[in-house]
Amino acid sequence: MPDARQYRLGLNQPAGSPTARRAAEMAEAINQETGGAFHLAVFPESRLGPDPKMFADLRAGALEFFMAGATLGEVAPSSALPLLPFAFSESKTVFAALDGALGDRIRSELAANGLYAFRHCWQNGFHHLTTSIRPIRTADDLAGLKFRSPGGAIAADFFKSLGADAGMVPFSGMYDALKARNFDGQSDPLGVVLSLKLYEVQTYLSLTEHWWSGFTLLANAAAWAALPRAAQDVVERNAEKFALLQRDDIEQVNAAGAEELARRGMQVNTADTASFRARLGDFYARWRQKAGPELWRLLESYADGIGG
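Residues numbered from 1 in each chain as written. Predicted model: local features only at pLDDT ≥ 70, side-chain atom pairs only at ≥ 80, totals over all residues. Heavy atoms only, no water.

1. Observations regarding the pattern of salt bridges
- In this structure the tally under the stated criterion is 17 salt bridges.
- Across the pair Asp 104 and Arg 107 runs a salt bridge, and its minimum N-O distance is 2.9 Å. On the criterion of helical spacing, the pair formed by Asp 104 and Arg 107 is a turn pair, its members being three residues apart in helix α4 (residues 101-111).
- Classification of Asp 104 as partly exposed rests on a relative accessible area of 36%. (Salt bridge = Lys/Arg side-chain N within 4 Å of Asp/Glu carboxyl O. Helix = DSSP H or I, 4+ residues; strand = E, 2+ residues; numbered from the N terminus. Buried < 20%, exposed > 50% of the residue type's maximum accessible area, 1.4 Å probe, protein only.)

The structure is reproduced here in C-alpha cells:
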C-alpha cells in the first residue's frame, strides 16, 4: 500500500467546543473509512496560526483544509451577505440560503480562487453583545464603545453606523484583549462566550441577535483534486454528516446560553433592536448598492429581515 496522504485541518475553536469535537470525530471517521490511504489530522485553537495565516497557507497550498469564519470576503464578496445585520431570524433560514442558491454563488467565487468549499457550512450562530462598562439597552448605549468583532467591512460599517468602533484581534487572543480592556466589548454567539469563558472578563450580556455567522469547511483545490475519487466520496459524506450534527449541537448550546451565562454571574438584558434598525437605513443602502440588484434579490429570496 502506498503511504497515506497526510492532510491537516486548521480551525480557531477551542478543543473542547462542539465544533472542534465534531471536526475530530469527522477526521476519525474519514481515517477509518479510507483504510489508511488518507489521514486527516485536526488542529484546533489556532495551533497552526491565526485565521489570516491559516487562510493564506490554505491558498498557498501549505495547508490542505481550513474551517473558515468571517475571513472570505476579499476572495468571495458574496460570502459577507449572510452577515448583514438582522437579515435572518432563524438558523434554518440561513442554512436554506447557504445550502442552496446563495451558497452556490459563494462556492463558485471560492472555486475561482483555488478553494474547494464543502456544501454544508457549520454553525456559529446568532451574535449578541457582551460589555464590561455598561449594558446595551438601546442603540444609544453603543456610542463611543470599541468592540472586538469578526473582521470584515460589514461588521466595521455596522458598528460605525451605531456610533461605535470595531477592532480585530485573533480569536485565540480575545480573552486576553478583553481582560486588558483593549476593547469595551465583543460580538459573538453565546456558545463562544461560554467556551472562551468570556464571562470572567465581561460583566454584561445584551441579547441582540444582530447577525448570524458560521464556518465554511474549505480545502485547497489542488490538494483536493489530488485525492482519489473514493477518498473524496468518504470525505464529502462525513463532512455533511458531521456538519449537520454540529449545527444541532451549537443550536442547543446557544439556546441555553443566556441562562447559563446568568448562572455564571453575567447581567443579562434584552436590547431594543428596533432602535438599532432605525439607524441602519444608510447602511443598508450602501450594501445594497455594493451587492448589485441580482445578488441582493438572491439574498432577499431567503432573508426575512432586510425588507424590499
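Anyway, onward from the coordinates.
2. Overview of the sheet that holds strand β9 (residues 185-188)
- Strand order in this open sheet of six strands is β8-β7-β9-β6-β10-β12, and the pairing throughout is mixed. Edge positions in the sheet fall to β8 (165-167) and β12 (267-270), since each of these pairs with one other strand and no more. Looking at each pair of strands side by side, their axes are set apart by 25 degrees on average, direction ignored.
- Note that strand β6 (residues 128-131) and strand β10 (residues 204-207) share three bridges and pair antiparallel. (Pairing = 2+ DSSP bridges. Axes fitted to C-alpha atoms, helices over the stretch in contact; angles between N-to-C directions.)

3. Focus on the side chain of Asp 157
- The residue Asp 157 is located in helix α5 (residues 153-161) in this model.
- Residue class for Asp 157 comes out buried when judged on its relative accessible area of 13%.

4. Points about α5
- Turning to α5, its buried residues are Ile 154, Ala 155, Asp 157, Phe 158 and Phe 159.
- On its buried side, α5 packs onto β6, β7 (146-148), β8, β9, α11 (273-277) and α12 (281-291).
- One or two steps after α5, the chain reaches Gly 163, where phi turns positive at roughly 80 degrees. (Contact = heavy atoms within 4.5 Å.)

5. Focus on a negative patch on the surface
- Together, Glu 90, Asp 248, Glu 251 and Asp 304 make up a region of like negative charge exposed at the surface.
- Tracing the sequence through the fold places Asp 304 in the segment after α13 (293-300). (Patch = residues over 30% accessible without salt bridge, like charges linked within 9 Å, V, L, I, M, F, W, Y side chains within 5 Å. Areas by Shrake-Rupley, 256 points an atom, 1.4 Å probe, with all protein chains shown as cover. Lys, Arg positive; Asp, Glu negative; His and termini not counted. Charge placed at Lys NZ, Arg CZ, Asp CG, Glu CD.)

6. Brief notes about the packing of α4 against α13
- Two elements in contact, α4 and α13, have axes separated by 9 Å at closest approach and are oriented at 135 degrees. The orientation of α4 relative to α13 falls into the category oblique. Across the interface between the two elements, Ala 101, Leu 102 and Arg 105 of α4 pack against Glu 294, Leu 295, Leu 298 and Leu 299 of α13.
- Its residues assigned to classes, the contact of α4 with α13 shows five nonpolar, no polar and two charged. (Parallel < 35°, antiparallel > 145°, perpendicular 65-115°, else oblique. Nonpolar A, V, L, I, M, F, W, Y, C, P; charged D, E, K, R; others polar.)

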